[in-house]
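The chain contents come next:
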Amino acid sequence: MMGNPVEKITGAVSIRGVGRVYADSAGNPMEALRDVHLDIAPGSFVSFIGPSGCGKTTLMRLIAGLDETASGEITLDGKVIDGTHYERGYVFQQANLFPWMSIRQNIAAGLKARKVYRDCRDKPDEYLRMVGLEDFGRMYPHQVSGGMAQRASLARALINEPKVLMLDEPLGALDAFTRMNLQDELLRLWQLRGTTMILVTHDVDEAIYLSDRIIVMSARPGSIKEIVDIDMEHPRDRSAPEFIRLRSRILEMLHFAGTSRSLEYYL
Amino acid sequence: MSLAGGKLNGSKLTTQAAASKATRGRSVLHQGLLTTLPVLSFGLALALSLTLPGQQEVVLLPYRLLLLALTIVFALRIPAARFSSARWRKAQQDSPFYIAAGLLVALWDLLTTKLNVLPLPFVPGPAQIAGVMVEDAETLLLSTLYSLRLLVIGFLIGSFCGIVLGVLIGWYRKWRYWLFPFIKFMGVVPATALIPIAMILVPSSFYAGVLLIVIAVCFPVAFMTSNGIEGVQNTYFEAARTLGADERYLIFKVAIPGAMPAIFSGIYTATGISFATLVVSEMIGARAGLGWYINWAKGWSNYAKVYASIIIMAITFSIVMAVIFRIRDRVLKWQKGLVK
């Protein structure tokens, strides 16, 4: 499983002049995003990294269709995004599984929501196996560990075979070991499926380890500061000189991107 | 959102822990004695009834048979409990309570049937109450069944209406705007206050009773259901939407299941209210049912019958409660450990 993922012609996301203004808690308008332009190649793995308030989650929610764009437009394979669609999957920071459904029912939820479950009753089991949870299908979310819940959450999003999968700090709440484990899992699933992956993370190493491209963002207003392409072969060695060089380069950008905050804040 | 059942379980656990601590140090002889004493205390009550001459005219056989049955049950419990250490511990733990119960019944019998110290007809003896239960068994059974029919029909319709109304209010802004103030305002009025209106609206006393219970149950259930739906985390809806859910899915597979704990706390509240409404409406308007029976017996100053029907009411309502808790535990099994 080396080299580039499977060639794919679908899953191209194009962001054209997107902006969004929020009202903050005091009611003052706050510019979360300003004039963002970006093309995401089909089947690529792109990470957004940047300080809090740089609009990376906002942008993901816009692509998912959970929020509406104020200006500009986002297209998926040429179609303008309007509202949510199962073609654009979303994995949340907390696994966000439905607590009243078993793990298997959670994974099957997408099929049931789309009313196609009757035609593919074995598919949830297949996805349970894919994420190594075949023995935990009957358990409820509160009975499994955070890492397992996040695997289930991944399977739940992937079962709809989305063209794009958004990952909103999916590993942020996990311990370091589980985290590295799941990073490899993500990589494996991506190479297996060729889904376009868009990751939001605070973890520079995670971004370098996984992505083809890293979009470094800056805050107030949220905008793209720099784009870093990564050409290293998978699996990547976290202690390789190039890895370390990239890390310090991106950290430097981030330090510069946030105006007054200390470096540790982003780690 | 822990309901009374959850709290009950919690306290049960602590008393069990305390009990096991207390039993650990006891010798086998002591343990054996402790489990045997209930047999003796109920045996004593039986012996008292059999030997001492009575001063009240009472049918004694049902009472004596009941005591005999209890004595036998407690006697058989000893060898049965010996096979499992948990049951053995439980038998010891329950023992003081049953010893006291047996002695209390014996004392009660002594003060009434035997010595005629307590004033009649207001304080009948246990023998008289047991006698009345057997003598009037048919009427009591019919009354119980009648009350249960009224309760179950009213409760089912009321819960259903409450859930439907609660979902509409919790889900649709417009329904909330127009109906929530009404529910909040009228929800504080006890359904029993509406008895005169119900009797005009519905000519049959049975259906008037049903209507009252429906109203009594509907309000708290609707209120809690709508609150529960509003309380479901938005992220669950977002997750469902990204999975391709339509509104139907969002309502039936996300909003309602997510609101289930709240719905059950509404149902739990409604249960107590529905018991009260049932009894009062039967006392006032009906010609059957346990409420009617109490009122009727009171009219004849037959307090033994009043007590008999109260005891039967306690048993019946406890069973209804237990059934509801059983259903709740099944429906909310995903929640176990999460709450408490």
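Residues numbered from 1 in each chain as written. Chains lettered and ligands numbered in written order. Predicted model: local features only at pLDDT ≥ 70, side-chain atom pairs only at ≥ 80, totals over all residues. Heavy atoms only, no water.

1. Observations regarding the interface of chain A and chain B
Step number 1: With 26 residues of chain A in contact, the opposing surface of chain B contributes 21 residues.
Step number 2: Interface area, chain A with chain B, both sides summed: about 2100 Å², of which 63% is carbon and sulfur.
Step number 3: Put simply, chain A and chain B have 2 salt bridges between them.
Step number 4: Put simply, Glu238 of chain B and Arg61 of chain A hold a salt bridge, and the shortest N to O gap is 2.5 Å.
Step number 5: Joining chain A to chain B, the criterion identifies 8 residue pairs in polar contact (both at pLDDT 80 or more).
Step number 6: If you list the elements that add at least two residues to the side of chain A that touches chain B, you get β6 (88–91), α2 (103–113) and α4 (146–158) of chain A.
Step number 7: Among the elements that make up the side of chain A that touches chain B, the one with the highest residue count is α2 of chain A (4 residues).
Step number 8: Classifying every residue of the side of chain A that touches chain B gives 13 nonpolar, 7 polar and 6 charged. (Contact = heavy atoms within 4.5 Å. Buried area = accessible area lost by both parts, 1.4 Å probe. Salt bridge = Lys/Arg side-chain N within 4 Å of Asp/Glu carboxyl O. Polar contact = N/O pair within 3.5 Å; in protein donor to acceptor, adjacent residues only side chain to side chain. Helix = DSSP H or I, 4+ residues; strand = E, 2+ residues; numbered from the N terminus. Nonpolar A, V, L, I, M, F, W, Y, C, P; charged D, E, K, R; others polar.)

2. Description of the pattern of salt bridges
Residues and elements named next belong to chain A.
Step number 1: In the structure shown here, the tally under the stated rule is 22 salt bridges over all chains.
Step number 2: In this structure, the salt-bridge partner of Arg104 is Asp125, at a minimum N-O distance of 2.8 Å. Here Arg104, found in helix α2, pairs with Asp125, found in helix α3 (residues 123–130); they are 21 residues apart in sequence, far enough to count as distant.
Step number 3: With relative accessibility at 21%, the residue Arg104 sits in the partly exposed group.
Step number 4: Owing to a relative accessible area of 27%, Asp125 belongs among the partly exposed residues under this scheme.
Step number 5: Notably, a salt bridge pairs Arg179 with Glu206, separated by 3.3 Å at the nearest N-O pair. (Buried < 20%, exposed > 50% of the residue type's maximum accessible area, 1.4 Å probe, protein only.)

3. Description of the confidence of the model for chain A
Interpretation of the predicted coordinates at a detailed level should be avoided for regions scoring low in pLDDT.
All names here are of chain A.
Step number 1: Mean pLDDT over chain A works out to 86, with 92% of the residues at or above the 70 mark.
Step number 2: Within the model, the stretch residues 1–8 combines pLDDT values under 50 with 14 contacts to residues more than four positions away or in other chains.
Step number 3: Note that residues 258–264 has pLDDT below 50 and, in this model, 7 contacts with residues that lie over four places away or in other chains. (pLDDT = per-residue confidence, 0-100.)

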